[in-house]
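Residues per chain are reported as follows:
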Amino acid sequence: MNKIIRFLPLILVIALGVVLYRGLSLNPQDMPSALVGKAMPDFSLSTLSDANKTVTKADLSGDIVLLNVWATWCPTCKYEHPYLLELASDPKLKAQVTLYGVNYKDERIPAQQWLAHYKDPYQFSIFDDEGLLGVKLGVFGAPETFVIDHHGIIRKRFAGAIDVRVWRKEFEPLINQLILEKQQGK
Amino acid sequence: MLNRVLFIVVMMFSMLLTINTAQASPVETFEFQDDVTKVRFQALSKELRCPKCQNQNLADSNSTVASALRLDLYNLLIQGRSDTEIIDLMVGRYGEFVLYRPRVSNVTYILWFGPALLIFIGMIVVIVILRKKPATNEELALNIEQQTKLKQLLADDVAVTPTSKLALNKSIKSK
Amino acid sequence: MNPQLLPELFPELGHIALVIAFAFALCLSVIPMIGVHSNQHKLMSYAKPLTSGMFIFTAISISILAYSFVIDDFSIKYIANHSNSHLPYYFKISAVWGGHEGSLLLWVFSLTAWTMAVAQFSKNVEQEFIARVLAVMGMIAVGFIAFTLLTSNPFERLWPNAPLEGRDLNPLLQDVGLIIHPPLLYLGYVGFAVAFAFAVAALMSGKMDAAWARWSRPWTVGAWMFLTLGIALGSWWAYYELGWGGWWFWDPVENASFMPWLIGTALIHSLAVTEKRGTFRNWTILLAIFAFSLSLLGTFLVRSGVITSVHSFAADPSRGVFILVLLAITVGGSLTLYAFKASNVASFSRFSLYSRETALLLCNIILVVAATTVLLGTLYPLLVDALGYGKISVGPPYFNAVFVPIMSFLFIIMGIGPLIRWKKAKKGELRKQLIKPSVFSIAFGLLFPVVYGGEFNALVAMGIILASWVFLVVVKDLLNQYQLRSTLSLSQWGMTVAHAGIAVTIVGVTLVSSYESETNVKMALHEKVEISGYQIEFNGIKHVEGPNYSAEQGQINVYKGDDFVALLQPERRAYRVQSMGMTEAGIDGGLFRDIYVALGDPLDGGAWAIRVHYKPFVRWIWLGALFMALGGILAMMDKRYRVKKQVKSSSSSKQEVKTANAKPSIQAVSELS
């Protein structure tokens, strides 16, 4: 019995080593969204272009929606922007999917100027200067993109910039599936 | 050469203009209707984790998402929500990750009850070790006899190091 | 060879020196061992010179790195990333350990320094045993120098395209704390390698007796002392530098230093039992192995990216694999050795339920449980994620909730240990000894919150009761010993001062946690705010220029009633190179309270957001740690650890000297019973 006890520390340490090894291949920064499968939260905010115009959740429904969180202080958003312009001008995609923006924790005039300079791919951008819509969406930072189906349910949250590779791998399959679902009247 | 120097100087100045204060500890000047709510705010902002930071709570982080969350927390407290409601809401948006005090669930039983279990095991270990026969008066007396023998041996100028003294002890005991 | 190239090649000398040190380490790990196994004294005697070689060349290597920092040699990648020509020279030197590669070189240097010390100060240890100890330390050095050379070389060059300027040291690190905290901490962590090497040598040789414990103890206390200071300094640094007024966050990296400290504390006490009573041998060896293993685990956690922490160096999983392999060999190897060679001989020493051995055993078990609990909390998120259950966080609320009860249990037993006899407590004596301390502590503790805070507070009462209990018991023990022997050994003083230190820290932690207050306000010019009996007045902002930053400096007057107390000048700094903002708190420190002010954002109308903290007794936390370290130093200096001087004289005085040497042994024998 004594002999077995002597081996106990070694066994425990081996088990710990396995856990640590496994841990090396994980990414602690990777954060899944808690909102997948839940309804898009409601909000009442102005649009970026017009401080007097208020939009709510209803203004986003009916279509398959891509909601992109961006800001002028976010360098990665600048990197992603050209591809968003490409997506927004694709006629096949435009027919089924609409791109909206959430201008997150930003200032109105600089943000408007940013869009004027780099061109505006969004149907409209929601002006979320206090970040409270972002908080409801569980946003960490920018850029982040949400896919919302025609029922208003959030189906995916992607954190990071979208480019060709990311679109093909992360978004295209889901978008096609959602288009199918909409056609089948689900 | 001059161009290079100029370039560096311009770069440095432009960096100065884009100062970000990510490391400065935040000071929020929210006004609370009473002390209880103020204390609740301070307590909750320490219980909640900033989702994006390298391990900081809402109170200490200066990141954009943390300041948005502090404002949201303030609004929720003003609206009169209870602590449990607020926590549930935060978890609903950011997942369990955002709580520094993990909720007791199947996943965290070992975490919360582990320490008590360890103390229990520890006490059993102590009891098992103490099960050895306690030193009796008889054993004490024997030691004194052996001590005298040892003193005698030492006085006889035998070079003694601690190790050989113990060996000596052992050999005396075994006789 | 173009002589103008020589300064460019200078850093390569640092690299080469490290490679030579590696060669020495390799020889050190092999040659003395061969000497031990083949009984060749010559080979065993090579251990000391090999150790010197290893130390000297590591010293050369780190000196070259430091020198290169001072002369702004940005052709070295590490320096280009962590320094800047405007950085003050003292920070340039401490920037050596400001990043992963350099701090690793510091780790290696600490190891070679400890090895050197062991080689120099072990004249009263058997040559065979010391040869083994040094060889084991050589093996550890081989592993870590290899890690440095292969994955984290601080001498990597950016040559010939060296940048003209460096990226500057992280402003958070540009502080006096950085100059002292890592070296002290590393001396502590790495110091446990000595205890580890002694334990492994004991297992190999089969010599696991009181003598081994006596040799090992001062080294272990030394390492523990450095670690105590390192942790305390880190906590103090976080308090005054980071601006949030906290002093412990249970951050994974903080825990990584705290776990070896807890096990190290258990180890010094276990060594005491083995030295005095010859028992607990297996337990002591296991603790020595675990203390160092936890140090290595800390190294792994900080540098592999496996956990998220404000302290972690740039994470690299490939480095993580290397350290994991080092961990596997070191810990796995030593524990396998333990499983096969742990002593099967039951110690001849018995003890009863009411004895000091039992008290120390209980304390050890509690300390191990505490360390395991911290480990559990730190690794739990990783465990949950690895098993696919998602992401959770375990933070200060959890640790405080579980740690405080465990420690309270420890403090209660700490009060019994010093006053209870070895082997078997005399009937009724224990009760007689404990009655006054217990009555007084309970009374004092219950009254304290009422008198100090105006109302009863259970947590405060408990904390003060425990602190008084721990303190009064060791004072009583000191008095008892003085009455018995009319002299007090340094060892006795050491124990008293260290335990008193714990009591002081308990008071600090209890009072600051329960009575601190904080207020965040918008203050306009000349506006006053009230906190805990003090009035804080905002008197505007002054602009200041530092060597490598510019700052907005608040002018804050502190009053108590009508009396002026202090002018505080918190700053918001903008560092020019890294364009990072930073706050420097303004603190009026005192023995019984700190007033702590931090600047927030400027608001409209010339007003500023200002945070004020009132922190009662917060300095007691670190004062206690200083006492603990002082206690350790006193214990280490006890004369029974000092080398006995050999006196050359006539045979009669030779006789005297021999009996004089024998006297401590007799005293030791009487201590055995």
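Everything discussed here concerns the structure shown above.
Residues numbered from 1 in each chain as written. Chains lettered and ligands numbered in written order. Predicted model: local features only at pLDDT ≥ 70, side-chain atom pairs only at ≥ 80, totals over all residues. Heavy atoms only, no water.

**Looking at the overall build of chain A**
And step 1. Counting its secondary structure elements, chain A contains six helices and seven strands.
And step 2. Helices and strands in chain A line up, N terminus first, as α-β-β-β-α-α-β-α-β-α-β-β-α.
And step 3. Dimensions along the principal axes, computed over C-alpha positions, put chain A at roughly 80 × 40 × 30 Å.
And step 4. In chain A, which comprises 186 residues, the share counted as buried stands at 50%.
And step 5. Intrachain contacts of chain A at a sequence separation of at least 6 include 70% that bridge at least 24 residues.
And step 6. Taking the 21 positively charged and 20 negatively charged side chains of chain A as two groups, their mean positions are separated by 10 Å. (Helix = DSSP H or I, 4+ residues; strand = E, 2+ residues; numbered from the N terminus. Buried < 20%, exposed > 50% of the residue type's maximum accessible area, 1.4 Å probe, protein only. Contact = heavy atoms within 4.5 Å. Lys, Arg positive; Asp, Glu negative; His and termini not counted. Charge placed at Lys NZ, Arg CZ, Asp CG, Glu CD.)

**Structural notes on the overall build of chain C**
And step 1. A count of helical and extended segments in chain C gives 19 helices and ten strands.
And step 2. Since a compact globule built from 673 residues should have a radius of gyration of about 26 Å, the 27 Å found for chain C is in line with a globular shape.
And step 3. For chain C, the spread of C-alpha atoms along the three principal axes comes to 85 × 80 × 65 Å.
And step 4. In chain C, once contacts between residues fewer than 6 apart in sequence are set aside, the share between residues at least 24 apart is 72%.
And step 5. A gap of 19 Å separates the mean positions of the 50 positive and 40 negative side-chain charges of chain C. (Rg over C-alpha atoms; globule rule 2.2 N^0.38 Å.)

**Some thoughts on the sheet that holds strand S5 (residues 125-128) of chain A**
Remark on secondary structure: sheet strands pair via backbone hydrogen bonds, oriented parallel or antiparallel.
All names here are of chain A.
And step 1. Taken together, five strands build an open sheet; the order of strands is S5-S4-S3-S6-S7 and the sheet is mixed. Strands with a single pairing partner mark the edges of an open sheet, and in this sheet they are S5 and strand S7 (154-159). Averaged over all neighbouring strand pairs, the angle between strand axes comes to 20°, with direction disregarded.
And step 2. Where strand S3 (residues 64-70) and strand S6 (residues 144-148) come together, five bridges link them in antiparallel fashion. Bridged to Asn68 within S6 is Thr145. (Pairing = 2+ DSSP bridges. Axes fitted to C-alpha atoms, helices over the stretch in contact; angles between N-to-C directions.)

**Details of the pairing of S7(A)**
Consecutive residues of a regular strand have side chains that alternate between opposite faces of the sheet.
Residue and element names in this part refer to chain A.
And step 1. Summarising the sheet, S6 and S7 pair through five bridges and their orientation is antiparallel. Looking at S7, one finds that Val147 is bridged to Lys156.
And step 2. Counted along the chain from S6 to the antiparallel partner S7, the turn is five residues long, and its residue Gly152 has a positive phi close to 85°.

**Concerning the state of the cysteines**
And step 1. On inspection of all chains with the given rule, the structure shows two disulfides over all chains.
And step 2. Sulfur-sulfur distance for the disulfide between Cys74(A) and Cys77(A) comes to 2.1 Å. For the disulfide bridge between Cys74(A) and Cys77(A), the dihedral angle about the S-S bond is near 95°, and by the sign convention the bridge is right-handed.
And step 3. Given the relative accessible area of 2%, Cys74(A) is considered buried.
And step 4. With relative accessibility at 2%, the residue Cys77(A) sits in the buried group.
And step 5. Across the disulfide, Cys50(B) is cross-linked to Cys53(B) (sulfur-sulfur distance 2.0 Å). For the disulfide bridge between Cys50(B) and Cys53(B), the dihedral angle about the S-S bond is near 65°, and by the sign convention the bridge is right-handed. (Disulfide = S-S within 2.5 Å.)

**Notes on the interface of chain C and chain A**
And step 1. Taken together, the 29 residues of chain C in the interface contact 21 residues of chain A.
And step 2. Of the roughly 2,100 Å² buried where chain C meets chain A, counting both sides, 74% is carbon and sulfur surface.
And step 3. Where chain C meets chain A, there are zero salt bridges.
And step 4. Where chain C packs against chain A, one counts zero residue pairs in polar contact (both at pLDDT 80 or more).
And step 5. Among the secondary structure elements, those contributing two or more residues to the side of chain C that touches chain A are helix H11 (281-304), helix H12 (317-341) and helix H13 (356-386) of chain C.
And step 6. Among the residues making up the side of chain C that touches chain A, the classes are represented as 18 nonpolar, nine polar and two charged. (Buried area = accessible area lost by both parts, 1.4 Å probe. Salt bridge = Lys/Arg side-chain N within 4 Å of Asp/Glu carboxyl O. Polar contact = N/O pair within 3.5 Å; in protein donor to acceptor, adjacent residues only side chain to side chain. Nonpolar A, V, L, I, M, F, W, Y, C, P; charged D, E, K, R; others polar.)

**Thoughts on the pattern of salt bridges**
And step 1. Scanning all chains against the criterion turns up 31 salt bridges over all chains.
And step 2. A salt bridge links Glu28(B) to Arg70(B); its shortest N-O distance comes to 2.8 Å. Here Glu28(B) is found in the loop between helix H1 (2-17) and helix H2 (35-47), whereas its partner Arg70(B) is found in helix H3 (residues 64-78), with 42 residues between them in sequence.
And step 3. One continuous salt-bridge network, built from bridges that share partners, spans Asp149(A), Arg155(A) and Glu181(A).

**Let's talk about the environment of Met54(C)**
Residues and elements named next belong to chain C.
And step 1. Considering the arrangement of structural elements, one finds Met54 in helix H3 (residues 47-70).
And step 2. A relative accessible area of 0% places Met54 in the buried class.
And step 3. C-alpha of Met54 to C-alpha of Ala25: the two residues are 29 residues apart in sequence and 5.9 Å apart in space.
And step 4. Excluding anything up to four places from it in sequence, Met54 contacts Ala21, Phe24, Ala25, Leu28, Thr112, Thr115 and Ala141.

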